[in-house]
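Letter by letter, the chains look like this.
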Amino acid sequence: MLESVPQPNPAVRWEDLDTGRILVSYRRSPGRLGAMIYRVFAVAEWSQVLLDDIGSQVVRQMDGRRTVADLIAFVASDLKLSRKEAEVAVLKYLAMLGKRRLIGLEVSRDMERQP
Amino acid sequence: MGGNSDAGRIRVGWQGIEVEVPKGWELSAYGGAAENGHFELDDGIRPRFRLWWQRGRHRTTAPQESIDRYRRSLMKHRGDISKFEVLPAESLPFRCRKDKDTAVYRYEGAAAAYGAAWYCRTCGCVGLAEVRSDRPPDKTLRWVLASIADHRDDGQRLWAVYDFAFLAPDTYNLERAELMPGRLSFPMRRSRQCLLTVERWGVAREWLKKSALEGWPGELAKRLKRAELGPVRQDRFSFRGHEAWGFRQADSRRGRWRPWPPLDGMVWHCPDDDKVYAVFGQGTEEELVRQVAETIGCG
């Protein structure tokens, strides 16, 4: 997990705002029944999430090379947190982004082979 | 007073147990209370240190028996242990065996470990601790076992985790630690009416955007459900050159037969490490809040 590389989903729009925050816009994928309900109740097709300052900084670090462990080290040094505090916060944050399919985790072949 | 003791080593303190470990090993699991419990440290990848303790009533005080019981449980639950041997107690330095019955062991398997069990004749604590390492067991890590202390002589307990350390009287027992990213809270109780809480808030710049430090005493009083009991008197002062606020509320009988104990506390912001520290007590001894605050290292 710690050696995997988080990648922002290219199908998602990541917009840098003047405030330094990132506005994330993504298309909902509701399924057939959900699509019908969305149509009936006129629910917007796109959803938006406004990341806070710290969350935006973490996303900016995801350059396709930095691993989860690198992000933890970045957060620990930038926010002056202990390694464990940063680890818990970053893993929770990545889980939230992953649940919304805003990011994916790239696992190298070498890591797959490890027991 | 701080958790750091030596370059490359840190001191961890939990429920009256203190141990020196390599930098980077941090608390990853804990359970129990001062009477008996356990905690575990990891290095970010795998567990490196485990310790169980029991004070007061115990099944046995013989370390050899503790090791035998542990070995049986290990063999039952883990099939990968290839070699388990008991070593002479002399393999640990004399200073850590003083006033203690000690036995040492090591085993090899998927993870190898050095461990020790002891009975302290001074405080009556029975404990078992082990340091895990890659194969073969790393002898240099014996100093971790040698650094374990299960009591202090000054009537205090060291609490030191996640680069946060303070001393509190051993008459105060931890109720439930809240160790969340950005906020560490240690509420400790001596009796029903006597509560001491020590907190550290990380990423202070973000918290202070929501409420200036001046507003924190009021917020804390609200959290303790004391805001409606009467005015909280607060005054600004300088603590180690940092902005600090002391606050106090007299005891109150409002709405209850039994009086609410007086509230006393202080909160300060250390910009160097971007943290806000708070120490507050209800019904605590005079000056205790200040004494505990003095033991917290910041900056």
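To start, this report covers the structure provided alongside it. (Residues numbered from 1 in each chain as written. Chains lettered and ligands numbered in written order. Predicted model: local features only at pLDDT ≥ 70, side-chain atom pairs only at ≥ 80, totals over all residues. Heavy atoms only, no water.)

Focus: the overall build of chain A
Secondary structure assignment for chain A yields five helices and five strands. For chain A, the N- to C-terminal ordering of α and β elements is β-β-β-α-β-α-α-α-β-α. Judged by the C-alpha coordinates and their principal axes, chain A covers about 50 × 40 × 20 Å. A total of 115 residues make up chain A; the buried ones form 35% of that total. With 18 positive and 15 negative side-chain charges, chain A shows a spacing of 8 Å between the two charge centroids. (Helix = DSSP H or I, 4+ residues; strand = E, 2+ residues; numbered from the N terminus. Buried < 20%, exposed > 50% of the residue type's maximum accessible area, 1.4 Å probe, protein only. Lys, Arg positive; Asp, Glu negative; His and termini not counted. Charge placed at Lys NZ, Arg CZ, Asp CG, Glu CD.)

Concerning helix 4 (residues 216-223) of chain B
Residues and elements named next belong to chain B. Looking only at helix 4, the buried set comprises Trp216, Pro217, Leu220 and Ala221. Seen end-on, helix 4 carries its buried residues on one side only, within an arc spanning 140°. For helix 4, the secondary structure elements touched by its buried residues are strand 16 (194-201), helix 3 (204-210), strand 17 (233-239), strand 18 (242-249), strand 19 (263-270) and strand 20 (275-282). One or two steps after helix 4, the chain reaches lysine 225, where phi turns positive at roughly 60°. (Arc of directions from axis to C-beta. Contact = heavy atoms within 4.5 Å.)

Some thoughts on the interface of chain B and chain A
Opposite the 26 residues of chain B that make contact, chain A presents 14 residues. Regarding the contact of chain B and chain A, the summed buried area is about 1,300 Å², with carbon and sulfur atoms giving 49% of it. Contact with chain A buries surface across chain B, with Glu26(B), Pro181(B) and Val203(B) losing the most and accounting together for 31% of the total. With a shortest N-O distance of 2.7 Å, Glu85(A) and Arg200(B) are connected by a salt bridge. On inspection of chain B and its partner chain A, the count reaches nine residue pairs in polar contact (both at pLDDT 80 or more). Elements with a minimum of two residues in the side of chain B that touches chain A: strand 4 (26-32), strand 15 (183-191) and helix 3 of chain B. Here the side of chain B that touches chain A is built from residues that sort into eight nonpolar, five polar and 13 charged. (Buried area = accessible area lost by both parts, 1.4 Å probe. Salt bridge = Lys/Arg side-chain N within 4 Å of Asp/Glu carboxyl O. Polar contact = N/O pair within 3.5 Å; in protein donor to acceptor, adjacent residues only side chain to side chain. Nonpolar A, V, L, I, M, F, W, Y, C, P; charged D, E, K, R; others polar.)

Focus: the sheet that holds strand 8 (residues 100-108) of chain B
Strand order in the open sheet formed by seven strands is 4-5-6-10-9-8-7 (chain B), with antiparallel pairing between adjacent strands. With partners counted over all chains shown, the strands left at the sheet margins are strand 4 and strand 7 (83-87) of chain B, one partner each. Averaged over all neighbouring strand pairs, the angle between strand axes comes to 15°, with direction disregarded. Along the sheet, helix 4 (residues 83-99) of chain A contacts strand 4 and strand 5 (36-42) of chain B; its crossing angle with strand 4 of chain B, the most-contacted strand, is approximately 85°. Seen against the sheet, helix 1 (residues 63-77) of chain B touches strand 6 (47-54), strand 7, strand 8, strand 9 (112-120) and strand 10 (126-133) of chain B and runs at an angle of roughly 25° to strand 8 of chain B. (Pairing = 2+ DSSP bridges. Axes fitted to C-alpha atoms, helices over the stretch in contact; angles between N-to-C directions.)

Topic: the packing of aromatic side chains
Under the criterion given, the structure shown has 19 aromatic pairs over all chains. Ring plane angle 50° and centroid distance 5.6 Å describe the contact between Trp52(B) and Tyr70(B), whose orientation is recorded as tilted. Taken together, the positions of Trp52(B) in strand 6 and Tyr70(B) in helix 1 put the pair 18 residues apart, joining distant regions of the chain. Ring geometry for Tyr105(B) and Tyr107(B): centres 6.4 Å apart, planes at 5°, overall stacked. Across the pair, exposure class does not vary: Tyr105(B) and Tyr107(B) are buried alike. The rings of Trp14(B), Tyr30(B), Trp159(B), Phe164(B), Phe166(B), Phe186(B), Phe239(B), Trp268(B) and Tyr277(B) are connected pair by pair, giving a single aromatic cluster. The ring of Trp46(A) is capped by Arg13(A), whose NZ or CZ atom sits 4.8 Å from the centre of that ring. A cation over an aromatic ring shows up here: Arg9(B) above the ring of Trp143(B), its NZ or CZ 3.8 Å from the ring centre. (Phe/Tyr/Trp six-rings, centres within 6.5 Å; stacked < 30°, edge-to-face > 60°. Lys NZ or Arg CZ within 6 Å of the ring centre and 35° of its normal.)

Digging into the sheet that holds strand 3 (residues 22-27) of chain A
All names here are of chain A. Pairing is antiparallel in the open sheet, where three strands are placed in the order 2-3-4. Either end of the sheet is taken by a strand with one partner, and the two such strands are strand 2 (13-16) and strand 4 (46-50). Each strand of the sheet is rotated relative to its neighbour by a mean of 20°, with strand direction disregarded. Here strand 3 pairs with strand 4 via five bridges, running antiparallel. Bridge assignment links leucine 23 to a residue of strand 4, and that residue is leucine 50.

Focus on the environment of Tyr277(B)
Within the secondary structure, Tyr277(B) is located in strand 20. Of the polar contacts made by the side chain of Tyr277(B), one reaches the side chain of Asp273(B); its length is 2.7 Å.

A few points about the nonpolar core
Generally speaking, nonpolar side chains in soluble globular proteins are found buried as a group. Trp14(B), Phe39(B), Phe49(B), Phe166(B), Phe186(B), Met188(B) and Trp268(B) are the most contacted members of the largest nonpolar core, which totals 57 residues. Among the nonpolar cores identified, the runner-up in size contains 24 residues, and Val12(A), Tyr26(A), Met62(A) and Leu97(A) belong to it. (Core = buried A, V, L, I, M, F, W, Y, C linked by side-chain atoms within 4.5 Å.)

So, the layout of surface pockets
If you add up the space inside the largest pocket, you get close to 630 Å³. Along the walls of the largest pocket sit 23 residues, with Asp52(A), Ile54(A), Leu79(A), Ala89(A) and Pro181(B) positioned nearest its centre. At the level of secondary structure, the elements contributing two or more residues to the lining of the largest pocket comprise helix 2 (53-60) and helix 4 of chain A together with helix 3 of chain B. Class assignment for the residues of the lining of the largest pocket results in 13 nonpolar, three polar and seven charged. (1 Å grid on protein atoms, 1.4 Å probe; cavity = no way out; pocket = protein on both sides within 12 Å on 5 of 7 lines; lining within 4 Å. Points joined across faces, edges and corners; volume = space filled by probe spheres on them.)

Overview of the environment of Leu51(B)
Residue and element names in this part refer to chain B. Within the secondary structure layout, leucine 51 lies in strand 6. Separated by 75 residues in sequence, leucine 51 and valine 126 have C-alpha atoms that sit 11 Å apart. In contact with leucine 51, other than residues within four places in its own chain, are Ile17, Gly37, His38, Phe39, Trp118, Leu128, Ala129 and Ile148.

Things to note about the pattern of salt bridges
All names here are of chain B. What the rule picks out here adds up to 35 salt bridges over all chains. One salt bridge in this structure joins arginine 248 and glutamate 286, with 3.9 Å as the shortest N-O distance. Here the residue arginine 248 occupies a position in strand 18, and glutamate 286 occupies one in the loop between strand 20 and helix 5 (288-294), the gap between them amounting to 38 residues. Take arginine 248: its relative accessible area is 34%, and that puts it in the partly exposed class.

Observations concerning the pairing of strand 20 of chain B
Residues in a regular strand project their side chains so that they alternate between the two faces of the sheet. The buried fraction of strand 20 of chain B is high, at eight of eight residues. Judged by which residues are buried, strand 20 of chain B turns out to be covered on both faces: Lys275(B), Tyr277(B), Val279(B) and Gly281(B) on one side and Val276(B), Ala278(B), Phe280(B) and Gln282(B) on the other are all buried.

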